[in-house]
Amino acid sequence: MPYRFNFDLTRVSRFFFKEITEAAHKRKLHRRIGDVAQRLLERFRIQEITGLDFPQALMLLEDLMDIQMKNLNHRERFLGTSRRALFLPHCSRKHMDSRCKAVFDPNIPSYSCSHCSPDCLVGEATLLGEKRRYDVYVVPGGSCIHQILQRGRYEALVGVACGEEIKLAEPLLEKTRLPGQTVPLIKNGCANTKFSIGALKKIL
Ligand code: SF4
Ligand code: SF4
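In this text, all values refer to a predicted model and were calculated from it rather than measured experimentally. (Residues numbered from 1 in each chain as written. Chains lettered and ligands numbered in written order. Predicted model: local features only at pLDDT ≥ 70, side-chain atom pairs only at ≥ 80, totals over all residues. Heavy atoms only, no water.)

A. Quick look at the side chain of Glu164. For Glu164, the position within the fold is in helix 7 (residues 163-176). Polar contacts involving the side chain of Glu164 include one to the side chain of Lys167, which spans 3.1 Å. (Helix = DSSP H or I, 4+ residues; strand = E, 2+ residues; numbered from the N terminus. Polar contact = N/O pair within 3.5 Å; in protein donor to acceptor, adjacent residues only side chain to side chain.)

Right, here's the structure in full:
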């Protein structure tokens, strides 16, 4: 389920994301966010750059911090695993129409990237995952992930999605008890979405 607002953080300083990681570390220790969140939103001019109002910007920031915190909590277990799956969002493909040459197999269910465009984010992330021996799935939604994980082939997973989808996938992670790492989208909207390849590289 998408956010009820669109956001685009691609023009925000990369130090914003570094600060979020640091704030998540502190939050893990102190469980307080209010002041930190407000300070970050002001310092990095998030409302000015994105056009979001304060509650929307705050919600986004809290979700980003939550994601970082959960990644930290699962990191040690995740590092001890070898059979891993990487789930990429179909909305970050360069093309959402027939120009995308990915093939959808309903039996999996997943798209399989054909690497038709060298400048496609999903194409690039697929190569990255395959190089690191992940099974890579390009999925249109969380229910596909559920079906794939039900077969029980994996010890851990990495997922890229918007914060809302990541929140919706949490019960699934709890149920499977798999250590998961997630990378949030920095531009949502369900088409032409963006995530940071650098952030994905670090997580993988
Ligand atoms: S590189 Fe892959 S995901 Fe991207 S448009 Fe081509 S086939 Fe689709
Ligand atoms: S932005 Fe992408 S990941 Fe989020 S709900 Fe839309 S299609 Fe799904």
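B. Structural view of the site of ligand 2. In the vicinity of ligand 2 there are eight residues, among which Cys91, Cys162, Glu165, Leu185 and Cys190 approach most closely. Residue composition of the shell around ligand 2, by class: six nonpolar, one polar and one charged. (Near = heavy atom within 4 Å. Nonpolar A, V, L, I, M, F, W, Y, C, P; charged D, E, K, R; others polar.)

C. Seen up close, the site of ligand 1. Taken together, the residues surrounding ligand 1 are Arg93, Cys100, Lys101, Ala102, Cys113, Ser114, His115, Cys116, Ser117, Cys120, Val122 and Gly123. Here the residues of the shell around ligand 1 sort into six nonpolar, four polar and two charged.

D. Representation of the nonpolar core in the model. Ranked by internal contacts, the top residues of the largest apolar core, which has 45 residues, are Phe16, Leu88, Phe195 and Leu200. The contacts of Phe16, once residues within four sequence positions are left out, are Leu40, Phe44, Ile46, Leu61 and Leu64. Counting residues in hydrophobic clusters, the runner-up holds 13 residues, among them Ile145, Leu157, Leu172 and Leu173. (Core = buried A, V, L, I, M, F, W, Y, C linked by side-chain atoms within 4.5 Å. Buried < 20%, exposed > 50% of the residue type's maximum accessible area, 1.4 Å probe, protein only. Contact = heavy atoms within 4.5 Å.)

E. Spotlight on unusual backbone geometry. With an omega of -10°, the peptide bond running from Ile108 to Pro109 counts as cis. Positionally, Pro109 belongs in the loop between strand 2 (103-105) and strand 3 (110-112). For His115, which is not glycine, the phi dihedral falls at a positive 55°. Residue placement: His115 occurs in the loop between strand 3 and helix 5 (121-131).

F. The arrangement of the packing of helix 4 (residues 54-79) against helix 7 in detail. Helix 7 packs onto helix 4 with a crossing angle of 45° between their chain directions and a minimal axis gap of 10 Å. One element, helix 4, and the other, helix 7, form an angle in the oblique class. Seen from above, helix 4 lies across helix 7 with left-handed handedness. Contacts from Asp63, Ile67 and Lys70 in helix 4 reach Gly163, Glu164, Ile166, Lys167 and Glu170 in helix 7. Taken together, the residues of the contact of helix 4 with helix 7 sort by class into two nonpolar, one polar and five charged. (Axes fitted to C-alpha atoms, helices over the stretch in contact; angles between N-to-C directions. Parallel < 35°, antiparallel > 145°, perpendicular 65-115°, else oblique. Left-handed = near helix turned anticlockwise from the far one by under 90°.)

G. Focus on the packing of helix 6 (residues 142-150) against helix 7. Axis separation between helix 6 and helix 7 bottoms out at 10 Å; the angle between their running directions is 20°. Classified by the angle between their axes, helix 6 and helix 7 sit roughly parallel to one another. Handedness of the helix 6/helix 7 crossing: right-handed. Contacts from Gly142, Ile145, His146 and Leu149 of helix 6 reach helix 7 at Glu165, Leu172 and Lys175. A class-by-class count of the residues in the contact of helix 6 with helix 7 yields three nonpolar, two polar and two charged.

H. Representation of helix 5 within the structure. Taken together, the buried positions of helix 5 are Leu121, Val122, Gly123, Ala125, Thr126, Leu128 and Gly129. Buried-residue contacts for helix 5 involve strand 1 (84-89), strand 4 (135-139) and helix 8 (197-203). One or two residues past the end of helix 5 sits Arg133, with phi positive at roughly 70°.

I. Spotlight on the pattern of salt bridges. According to the stated counting rule, one finds ten salt bridges in the structure shown. Across the pair Asp63 and Lys167 runs a salt bridge, and its minimum N-O distance is 3.2 Å. With Asp63 in helix 4 and Lys167 in helix 7, the pair connects residues that are 104 residues apart, well separated along the chain. Of the residues examined, Asp63 reaches a relative accessible area of 8% and is grouped as buried. Linked by salt bridges that have partners in common, Asp63, Glu164 and Lys167 make up one network. (Salt bridge = Lys/Arg side-chain N within 4 Å of Asp/Glu carboxyl O.)

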